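Structural characterization, general
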Amino acid sequence: METVGRMNLGSQGLQVSKQGLGCMGMSAFYGPAKPESHMIDLIHHAIDKAGVTFLDTSDVYGPFTNEILIGKALVGKKRDRVQLATKFGCSFEEGGRVAIRGDPEYVRAACEASLERLQVDYIDLYYQHRTDTKVPIEVTMMELKKLVDEGKIRYIGLSEASASTIRRANTVHPITAVQLEWSLWSRDAEEDIIPTCRELGIGIVTYSPLGRGFFLSGAKLVDNLADNDMRKNLPRFQPENLEHNKHIFERVNELAEKKGCSASQLALAWVHHQGADVCPIPGTTKIENLNQNVGALSVKLTESEMAELESLASDEGAVKGERHSAMKSTWKYSETPSLSSWKKE
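Starting afresh in each chain, residues are numbered from 1 along the sequence in its written order. A pLDDT threshold of at least 70 governs which residues receive local features in this predicted model, and a stricter bar of 80 or more applies before side-chain atom pairs are shown or counted, although totals over entire chains, interfaces and linings include all residues. Derived side-chain values reflect all non-hydrogen atoms in the structure, with water molecules and hydrogen atoms excluded from consideration.

1. A short note on the UniProt feature "domain: NADP-dependent oxidoreductase" (unreviewed entry) in the protein chain
Residues given the UniProt feature "domain: NADP-dependent oxidoreductase" (unreviewed entry) here are residues 23-312. Summarising residues 23-312: 45% helix, 14% strand, and an end-to-end C-alpha distance of 29 Å. UniProt positions are given in the numbering used here, feature names are shortened, and annotations may be inferred rather than shown by experiment. Strands are runs of DSSP state E lasting at least 2 residues, helices are runs of H or I lasting at least 4, and numbering of each runs from the N terminus.

In structure tokens form, the structure reads like this:
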């Protein structure tokens with residue numbers, strides 16, 4: 001089968017596979033956790049057969065169980081073959097509440113716990129999963145810089161961070177990658193975030209490049225979701241919005257049939273065509289879907305085909321519903337106090 005090539009992610013020296021593997025759905029949020037042995041087989045197939053070596057996880061997935069799963073899958077694998085990305089910042093408090101934390105003590109404790117669960121000596125790319133709006137980003141970054149200096153992490157990333165947050169963080173230590181939601185129907189980052197990353201030489205890692213599975217099967221996706229699948233609560237999948245949004249998939253599917261590929265491959269190819277600095281990380285729990293995602297790299301799009309795809313969801317009102325059920329946790333609300341005004345409690 002076709003294998004994924006390599007790319008430079010950001011300008012700090014990190015090389016990853018041109019397509020990554022989002023591992024969240026193996027353990028959390030998208031229905032019940034999947035059988036561990038099957039997921040280990042999937043990870044091994046991704047690395048050994050498909051050349052997908054850039055694995056994305058977080059301590060909040062489970063919580064913790066996804067990192068443990070990946071750690072088990074990598075036992076006996078050559079460490080330098082795999083690029084591990086994980087995240088910190090979402091702390092489970094009493095009563096099940098999730099608190100966003102970026103204080104130095106938490107940053108260090110979270111990193112050391114992730115290293116233990118992953119059974120590795122270092123993390124290739126360590127993201128702040130969500131921005132702590134109570135702590136200046138410079139304070140969080142100073143602790144991350146120490147972890148780089150100690151060899152516990154190699155590169156620093158941010159996820160769902162605003163342009164100003166990215167700029168401030170980058171003055172403390174170079175940011176290697178910003179992870180954000182980017183797909184045919186989630187394009188709010190294009191105005192400010194993407195240009196900022198490119199100005200600063202920061203790689204772009206796109207999560208949910210298939211619209212959280214929408215571009216795999218369209219409106220039918222919702223019919224097969226488990227009761228505890230978070231997508232059931234997403235605004236775009238609510239009946240009043242889905243009835244409108246399903247037409248986007250139908251049009252993409254029509255174009256895909258003409259192109260001789262699947263709708264999901266066409267949607268993923270669109271993300272790949274955004275530039276050599278973009279690495280999508282579609283998630284899956286099935287080997288056949290992973291192979292299909294890899295096949296998207298072979299789909300070549302002309303400028304007119306790109307424009308036609310973009311026209312489907314670019315007009316105001318073309319997509320109904322917010323991309324996230326908790327937009328307060330996204331980059332639009334990620335400003336932190338200035339360093340000069342901050343006083344540690």
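2. Focus: unusual backbone geometry
For residues besides glycine, phi is generally negative; the peptide bonds are generally trans as well. A cis amide bond, omega 0 degrees, links Gly62 with the succeeding residue Pro63. Looking at where Pro63 falls in the secondary structure, it is placed in the loop between β4 (54-56) and α3 (65-73). Notably, Ser208 is not glycine yet its phi reads approximately 50 degrees, a positive angle. In this fold, Ser208 is placed in the loop between β11 (203-207) and α8 (214-217). Even without being a glycine, Arg212 presents a positive backbone phi close to 60 degrees. With respect to the helices and strands, the residue Arg212 is situated in the loop between β11 and α8. On the basis of relative accessibility, which here comes to 8%, the residue Arg212 falls in the buried class. Buried residues are those whose accessible area, probed at 1.4 Å on protein chains only, stays under 20% of the maximum for their type, while exposed residues exceed 50% and partly exposed ones sit between those limits.

3. Some thoughts on the side chain of Gln265
Its place among the elements puts Gln265 in helix α11 (residues 263-272). Between two residues, a contact is recorded if the distance between any of their heavy atoms is within 4.5 Å. For Gln265, the contacting residues outside a window of four places in its chain are Gln292, Gly295, Ala296 and Val299.

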